[in-house]
Amino acid sequence: MSKVIAIANQKGGVGKTTTAINLSAALGEKGKRVLLIDADPQGNATSGLGIEKGQFEKSTYHMMIGEEDIRGCILETAFQNLSICPSGEELGGAEVELVYLENREFRIRDAIFSIKQDYDYILIDCPPSLGLITLNCLTASDSVLIPLQCEYFALEGVSQLIANVRRIKKSLNPSIEIEGVLLTMLDSRTNLGLQVVEEVKGVFEDKVYRTIIPRNVRLSEAPSFGQPIHIYDKISKGAESYMMLADELMERNG
C-alpha cells in the first residue's frame with residue numbers, strides 16, 4: 001500500500017513543483033514505484049518531466065470530474081519507476097465544476113483508492129492556493145510536505161496552510177499529518193538564509209528535514225529540458241540534495 005504525500009504551499013516560487021519532480025524521480029531512481037499526480041493547473045510538473053500538451057488526452061481534470069478512471073489518465077515517463085497523472089490548463093475550470101459535484105472534497109481520494117497497491121509512493125503537486133483542488137489533495141493524502149524558501153517572509157502564510165491541515169484532520173481526513181518541512185533555495189553565503197533556517201527549526205523542530213535544497217542554477221535549468229536534475233546534471237548540488245532528501249524521506253517512513 002502506497003504512502004500518499006501532498007506537496008503544498010499556497011505561496012508560489014518556493015520550489016514546490018521542483019520538489020515534486022525531483023523527489024519523485026529520485027525515489028524512482030532508488031527503486032521505489034512512484035506516481036506523481038500533477039494537480040496544479042499550470043502543469044509544470046508535467047512539462048518538467050518532458051511531457052507536452054499534445055502527448056496526452058486524459059488528465060487529472062478528467063479524473064477529478066469523474067470522466068475517466070485514473071488508470072486511463074496515467075502515463076509512463078522516460079524515467080525509472082516513475083509514472084505521472086498529467087495536468088493541463090483545463091484543470092483550472094475544475095474549481096468551479098467541483099462545487100456542483102457529489103463528494104466534491106473526496107474526488108482524488110476515491111480515484112486513487114484502486115491503484116494504491118501499485119505504488120510505493122504517490123506524490124501530489126498541489127496548486128499554489130487553498131481552493132477546492134488543494135482541499136482534494138489534502139483529503140486524499142496521508143501527509144503533507146511543505147517546501148519553504150529561505151527568505152525573510154518564509155513563514156508568512158504557512159500558518160494558514162497549517163490551520164487548514166488541522167481543520168481537514170478534524171473533519172475530513174483524520175489520518176493526515178505533517179510529513180516534513182523542506183527548506184529550499186538556500187544561499188549559504190548570506191546571514192539571512194542561515195537565520196531563516198534557525199527560525200524555521202525553532203517553529204517546526206524535528207519536522208524540518210536535515211537536507212536543505214541550495215539555490216542552484218542547474219536545478220532551475222532542468223525543467224526546460226524536461227528532465228529531473230539527476231538526469232540533467234547528476235553531479236550538481238541540486239541532484240545531490242534531492243537524492244539525500246529521498247534517502248531521508250525513506251528513512252523516516254521505515
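Structure first, text after, so check above.
Conventions used here
Residues numbered from 1 in each chain as written. Predicted model: local features only at pLDDT ≥ 70, side-chain atom pairs only at ≥ 80, totals over all residues. Heavy atoms only, no water. Helix = DSSP H or I, 4+ residues; strand = E, 2+ residues; numbered from the N terminus. Rg over C-alpha atoms; globule rule 2.2 N^0.38 Å. Buried < 20%, exposed > 50% of the residue type's maximum accessible area, 1.4 Å probe, protein only. Contact = heavy atoms within 4.5 Å. Areas by Shrake-Rupley, 256 points an atom, 1.4 Å probe, with all protein chains shown as cover. Lys, Arg positive; Asp, Glu negative; His and termini not counted. Charge placed at Lys NZ, Arg CZ, Asp CG, Glu CD. Disulfide = S-S within 2.5 Å. Axes fitted to C-alpha atoms, helices over the stretch in contact; angles between N-to-C directions. Parallel < 35°, antiparallel > 145°, perpendicular 65-115°, else oblique. Core = buried A, V, L, I, M, F, W, Y, C linked by side-chain atoms within 4.5 Å.

Peer 1: Before we move on, can you summarise the overall build of the protein chain with the specific residues and values?
Peer 2: Looking only at helices and strands, the protein chain has 11 helices and 7 strands in total. Computed over its C-alpha atoms, the radius of gyration of the protein chain comes to 17 Å, within 12% of the 18 Å expected for a compact globule of 254 residues. Structurally, the protein chain occupies a C-alpha span of about 50 × 40 × 35 Å along its principal axes. Classification of the 254 residues of the protein chain by burial places 54% in the buried group. Pairs at least 24 residues apart make up 79% of the contacts formed inside the protein chain by residues separated by at least 6 positions. Of the roughly 11,400 Å² of accessible surface on the protein chain, a fraction of 49% belongs to carbon and sulfur atoms. Put simply, the protein chain has 26 plus and 35 minus side-chain charges, and the middle of one group is 5 Å from the middle of the other.

Peer 1: Help me get a handle on the state of the cysteines, residues and values and all.
Peer 2: If you walk through the whole model with that rule in mind, you get 0 disulfides. We note that C137 lacks a disulfide partner, and the nearest cysteine sulfur, in C126, lies 3.8 Å from it.

Peer 1: Which residues make up the packing of helix α1 (residues 16-29) against helix α11 (residues 237-252), and what values go with them?
Peer 2: As a packed pair, α1 and α11 sit with axes 9 Å apart at the nearest point and diverge in direction by 70 degrees. Taken together, the axes of α1 and α11 lie roughly perpendicular to each other. From α1, T18, T19, N22, L23, A26, L27 and E29 reach across to α11, where they touch Y242, M243, L245, A246, L249 and M250.

Peer 1: Outline the nonpolar core, listing residues and values.
Peer 2: By size, the foremost hydrophobic cluster in this structure holds 50 residues, and its most contacted members are I37 and M63. Sequence-distant contacts of I37, that is, excluding residues within four places in its chain, are made with T60, M63, I70, C85, I112, I122, L123, I124 and D125. In this structure, I7, A25, L27 and A45 belong to the second largest nonpolar core, which totals 34 residues.

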